[in-house]
Amino acid sequence: GCIPALLQIPIFFALYSFFNSSVALRGESFLWAKDLSTYDVIAKLPFTVPLGFGDHISLFTITAVITSFLISLYNMNMTPDQNNPMLKYMPYIFPVILLVFFNRLPSALTWYYTVSNVITLALQWVIQNYIIDHDKIVAQLAENRTKPKAKSKWASKLEEMQATQKRMQDMQKKGK
């Protein structure tokens, strides 16, 4: 489950460095952002929040956090209950972490992340509702449960070795 996220990290760092240093984005406005190479400010705070959050609130960051939260909730509802208390809180913890770290990122990068999240959410919804036939999968699982399980070669060899060991132990006991 984490591998796709890990594969995105180098791309995310490359985009961060591109959006920070791109001369073409400096001074370019988009929607409410006046400069895509720096963070957008919708509210200026009278104090500075520690941990790198800064003294402002960025609307592109809020949209990225909300879409990330929606993806987390959607994924949590699609996975079976695992009774792990930490997994229950992850959809709430991860967006807060994103809010702290993304607030000072360039607005073009947080807009990219928002659009990426919206596309991901749309794709997941389409796949779950139109591509995957849940009834067919449940029927296949029920059919597979009724079939006897075939033993692997490794399991057969292991049983054979255990039987041989048992015979050797029995022969040693009879010899005494």
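Residues numbered from 1 in each chain as written. Predicted model: local features only at pLDDT ≥ 70, side-chain atom pairs only at ≥ 80, totals over all residues. Heavy atoms only, no water.

Q: How should the overall build of the protein be read in this particular structure?
A: Check the secondary structure of the protein and you find 6 helices and 2 strands. Along the protein, helices and strands appear, N-terminal first, in the series α-β-β-α-α-α-α-α. Relative to the 2.2 N^0.38 estimate, which gives 16 Å for 176 residues, the radius of gyration of the protein is 27 Å and therefore markedly larger than a compact globule would have. In terms of overall dimensions, the protein has C-alpha extents of about 90 × 45 × 30 Å along its principal axes. Taking all 176 residues of the protein together, 21% fall into the buried category. (Helix = DSSP H or I, 4+ residues; strand = E, 2+ residues; numbered from the N terminus. Rg over C-alpha atoms; globule rule 2.2 N^0.38 Å. Buried < 20%, exposed > 50% of the residue type's maximum accessible area, 1.4 Å probe, protein only.)

Q: What should I look at first to understand the confidence of the model for the protein in this one?
A: Mean pLDDT for the protein: 81, with 95% of residues reaching 70 or above. At the level of individual helices and strands, the protein shows its lowest average pLDDT in helix 1 (residues 3-21), which scores 77, and its highest in helix 6 (residues 153-175), which scores 88. (pLDDT = per-residue confidence, 0-100.)

Q: Just to check I follow, could you spell out the nonpolar core for this structure?
A: As a rule of thumb, nonpolar side chains are buried together in soluble globular proteins. Judged by nonpolar contacts, the single largest core of 14 residues is most densely connected at Phe 19 and Phe 102. Not counting chain neighbours up to four residues away, the residues in contact with Phe 102 comprise Phe 12, Thr 61, Ala 64, Thr 110 and Tyr 113. (Core = buried A, V, L, I, M, F, W, Y, C linked by side-chain atoms within 4.5 Å. Contact = heavy atoms within 4.5 Å.)

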